[in-house]
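# Descriptive analysis of the structure
The residues making up each chain are set out below.
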Amino acid sequence: MQTEANKPAGAPPNDPRWKLLDAAMRRNGRKQNALIESLHAAQEAFGFLDEDSMRYVAANLRVPLSKVYGVATFYHFFTLKPQGEHSCVVCTGTACYIKGAPNLLASLEEHFGVTAGETSKDGKLSVLTARCFGCCGLAPAVVIDGDVSGKLTSAGLVEKIHECMKGEVAVP
Ligand code: FES
């Protein structure tokens, strides 16, 4: 009734971010009154709250999706889907921070003119941060359009985003 069965169909089976969210909900005993904490955990894992993660939380805590939406849209600290055509979530957890996350954020600002929490003026790219994706071995880790990439240099990240924008994707 919970966990695996409620994951979105397209979710990669070993995506560590779902495991992080699951662990957080388990710690709170999957209680309905842990809704805000669970949404925080989802946002920390994914950088924002999209429909898939909200459905997952709703199913696991057995609360109506409408209530989840209500809470997620009421509090300003929750961010629903990024506004940009493409999204880049940079992990700023300890391991990634040490391995260069600040440089990645600086290069995104330099090349695309967009800072964390913002969307570029042309609406092409949203940049978000998350605390830990649960794949610290890949530090510094980023998630571009939903796919995890690791050990990227600033130049490599900029190139990958350009590829995504051109539709050449190939994010592993
Ligand atoms: S600190 Fe970045 S993935 Fe864990």
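Structure: see above.
The following refers to the structure shown. Source: prediction; values computed, not measured.

## Considerations on the overall build of the protein
Across its full length, the protein holds 7 helices and 5 strands. Each helix (α) and strand (β) of the protein, taken in turn from the N terminus, gives the series α-α-α-α-β-α-α-β-β-β-β-α. Buried positions account for 35% of the 172 residues belonging to the protein. For the protein, the proportion of contacts with a sequence separation of at least 24, taken over those separated by at least 6, is 60%.

## A closer look at the nonpolar core
In this structure, Cys88, Val90 and Val142 are the most contacted members of the largest nonpolar core, which totals 46 residues. Ranked by the residues each element gives to this core, the list is headed by helix 2 (residues 35-46), at 6 residues. Both domain 1 (3-74) and domain 2 (86-166) contribute no fewer than three residues apiece to this core. The residues contacting valine 142, other than those within four sequence positions of it, are Cys88, Val89, Val90, Cys91, Leu104, Ser149, Leu152 and Leu157.

## Here's the deal with the sheet that holds strand 4 (residues 142-144)
An order of 2-3-1-4-5 is seen for the 5 strands of this open sheet, with the pairing classed as mixed. The open sheet has two edge strands, strand 2 (118-119) and strand 5 (147-149), and neither has a second partner. Bridging between strand 4 and strand 5 involves 3 bridges; their strand directions are antiparallel. Paired with valine 143 across the strands is valine 148, a residue of strand 5. Sheet strands in contact with helix 6 (residues 101-112) are strand 1 (86-91), strand 3 (125-130) and strand 4, and its direction is about 150° off that of strand 1.

## Structural notes on unusual backbone geometry
Note: most peptide bonds trans; most residues except glycine with negative phi. Of note, the amide linkage connecting alanine 139 to proline 140 takes the cis form, showing an omega dihedral of 0°. Here proline 140 lies in the loop between strand 3 and strand 4. Unlike most non-glycine residues, arginine 30 shows phi in positive territory, near 50°. By the element assignment, arginine 30 lies in the loop between helix 1 (16-27) and helix 2.

## As for helix 6
Counted at 1.5 Å a residue, the expected span for helix 6 with its 12 residues is 16 Å, and the 16 Å between its end C-alpha atoms agrees. Of all the residues in helix 6, the buried ones are Ala101, Leu104, Leu105, Leu108 and Phe112. The buried residues of helix 6 occupy an angular sector of 100° when projected down its axis, which confines them to one face. Summarising the contacts, the buried residues of helix 6 are in contact with strand 1, helix 5 (94-98), strand 3, strand 4 and helix 7 (154-166). Immediately downstream of helix 6, the backbone of glycine 113 shows phi near 65°, a positive value.

So, how was this worked out
Residues numbered from 1 in each chain as written. Predicted model: local features only at pLDDT ≥ 70, side-chain atom pairs only at ≥ 80, totals over all residues. Helix = DSSP H or I, 4+ residues; strand = E, 2+ residues; numbered from the N terminus. Buried ≥ 20, exposed ≤ 12 C-beta atoms within 10 Å, placed from the backbone. Contact = placed C-beta atoms within 7 Å. Core = buried A, V, L, I, M, F, W, Y, C linked by C-beta atoms within 7 Å. Domains from an automatic or database assignment. Pairing = 2+ DSSP bridges. Axes fitted to C-alpha atoms, helices over the stretch in contact; angles between N-to-C directions. Expected span 1.5 Å × (residues − 1). Arc of directions from axis to C-beta.

None of this, on its own, says anything about what the molecule does.
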